[in-house]
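Spelled out from the first residue to the last, the chains are:
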Amino acid sequence: MPGLEPGAGQAPTPLDALIAATDLGGADREREALEGALAAAAAAVGVRAALLLRVDPRSGRLAPAAAAGDPALVAALARGDDAGVADEVRAAGGEVARRRPADGLHVLGIPVRGSGRTVGVCVLAGPSAPDPDPVRMHAARFAATRCGWAIERGHLADSLERAMAQILETDERMLGRIGLDIHDGPTQQLSVALLEVQLLEAELGDAEAAGEVLPDKLRPALGRIYEVLGGALHEMRELIGHLRPAQFESRTLPEILTDAVRAFEARGDAEATFSVEGDALGEEGITLSQRITFYRILQEALTNAHRHGHARSISVRLRFAREGTTLEVADDGEGFDVDAVAGREGTPRPRFGVVGMRDRANLLGGTIAITSAAGEGTLVAVYLPRWRPDDPAAFPGLDA
Ligand SMILES: Nc1ncnc2c1ncn2[C@@H]1O[C@H](COP(=O)(O)OP(=O)(O)OP(=O)(O)O)[C@@H](O)[C@H]1O
Ligand SMILES: [Mg+2]
């Protein structure tokens, strides 16, 4: 915002200040929106620094969330050197202006409101008093209102994530229940049936040894039944493994995905490698919904690589970046015509895999790209945007 750096050179005209304070364009991210509004507020009334103290929804206390202007002054304000203005503003719900006796610094606190309550305080400070011109003051107040909107937007985003996580967790619990039911019901019955066939074969063996003549087709038919039952039991066990929830709450994304890769390798279908890049950013901004989503998508991609691509080797890469997280699953299998599969109708049975992966990614504002061609393997790339990458709670340098 050229010319609107607080304390930098000439102050903007009242009209410019108002235009800057009401400019809502461009800032998608909460941090950018807050910083833009604070810079406009400080420039409007000609002070050197602006600090936003936000009411922490958990503790109810005021905590620094964003700032603009002179770093030393910002740091002092963040330490609480604002002559108690912020607390008074919050208690009274109105503006408070004061001059600090120690150094004569002028401090002005403006309440920041959201949904009818005070969600924060905007503290403006400088060596000279804020310009009382009504248009300038109006501009500063409007900038504070913008801070309120940005905070509200953050709260809404939080609620949305909580709702999403609840839905996905309920989903996971249901899958776990289905897994248990399959384990206790059909899997047990299949095991019993297999045992019966084995016993029957042993009895037939005894009968033959005793000189009895058996119909020719009996043994091959029993062999086939045994094979079919064995195959079904194997699939059931695989399914149960898939349905088991993965302790998403207490583990990091790499840990959860490592589990999925190991479980896949343990089945001996193909070899799989797993690597993580950019982990310096850690888990910040990776939500519970994202962990569940990445895990389920990875499972499906691995299953498809083996079942359809007959892949021998699969490489799984997780890449953390500031903006978002990417998961790539590359297999060396037979590949397929992605467009043809997408447009295929009237298939013998409904297919949920690719559609489900896409739905899961889209639900969290992410994308999925599948690249494949016959004989060239398949690459599944899923991208989920980082959840509020600039959470004000993590504002650097203000917790000093
Ligand atoms: N990695 C892959 N390699 C080769 N073909 C694939 C791969 N992934 C998907 N396909 C093709 O895309 C089709 C659709 O996959 P999708 O996962 O949607 O369904 P499915 O695996 O057949 O059934 P479901 O996942 O519902 O059990 C598959 O039937 C297969 O032809
Ligand atoms: Mg599938």
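Quick note: structure is the one above.
Here the structure is a predicted model, which means the values were calculated and not measured.

Draft legend 1. Fine view of the layout of surface pockets. Taken as a whole, the largest pocket spans an internal volume of roughly 1700 Å³. Elements with a minimum of two residues in the lining of the largest pocket: helix 5 (134–209), helix 6 (218–243), helix 8 (288–307), strand 8 (324–331), helix 9 (338–342), helix 10 (353–363) and strand 10 (378–385). It is helix 8 that provides the largest number of residues to the lining of the largest pocket, a total of 10 residues. Looking at the lining of the largest pocket, its residues break down into 20 nonpolar, 13 polar and 14 charged.

Draft legend 2. Geometry of the coordination of the magnesium ion (ligand 2). The coordination sphere of the magnesium ion (ligand 2) contains the protein donors Glu300 (OE) and Asn304 (OD1), at a distance range of 2.0 to 2.2 Å. Here the residue glutamate 300 and the residue asparagine 304 both occupy positions in helix 8, the gap between them amounting to four residues, near one helical turn. Residue classification places glutamate 300 among the partly exposed positions, given a relative accessible area of 24%. By relative accessible area, which is 18% here, asparagine 304 ends up buried.

Draft legend 3. Looking closely at the nonpolar core. Within the largest apolar cluster, 38 residues are counted, with the highest numbers of intra-cluster contacts made by Leu298, Ile314, Leu327 and Val329. If one sorts the elements of this core by residue count, helix 8 sits on top with nine residues. Not counting residues within four places of it along the chain, the set of residues in contact with leucine 298 comprises Leu257, Ala260, Val261, Val316, Leu327 and Val329. Judged by nonpolar contacts, the second largest core, of 33 residues, contains Ala21, Val119, Leu124 and Ala143.

Draft legend 4. Just the sheet that holds strand 9 (residues 367–372), in detail. Spatially, 6-7-8-10-9 is the arrangement adopted by the five strands of the open sheet, whose pairing is mixed. Strand pairing shows two members of the sheet lacking a second neighbour, strand 6 (271–277) and strand 9, which therefore form its edges. Within the sheet, the average angular offset between the axes of one strand and its neighbour, ignoring direction, is 10 degrees. For strand 9 and strand 10, the ladder comprises six bridges, and the chain directions are antiparallel. By the bridge assignment, threonine 371 is partnered in strand 10 with leucine 379. Contacts from helix 10 reach strand 9 and strand 10 within the one sheet, and its direction differs from that of strand 9 by about 145 degrees.

Quick notes on the rules
- Residues numbered from 1 in each chain as written.
- Chains lettered and ligands numbered in written order.
- Predicted model: local features only at pLDDT ≥ 70, side-chain atom pairs only at ≥ 80, totals over all residues.
- Heavy atoms only, no water.
- 1 Å grid on protein atoms, 1.4 Å probe; cavity = no way out; pocket = protein on both sides within 12 Å on 5 of 7 lines; lining within 4 Å.
- Points joined across faces, edges and corners; volume = space filled by probe spheres on them.
- Helix = DSSP H or I, 4+ residues; strand = E, 2+ residues; numbered from the N terminus.
- Nonpolar A, V, L, I, M, F, W, Y, C, P; charged D, E, K, R; others polar.
- Donors = N, O, S within 2.8 Å, 3.2 Å for Na, K, Ca; no water.
- Buried < 20%, exposed > 50% of the residue type's maximum accessible area, 1.4 Å probe, protein only.
- Core = buried A, V, L, I, M, F, W, Y, C linked by side-chain atoms within 4.5 Å.
- Contact = heavy atoms within 4.5 Å.
- Pairing = 2+ DSSP bridges.
- Axes fitted to C-alpha atoms, helices over the stretch in contact; angles between N-to-C directions.

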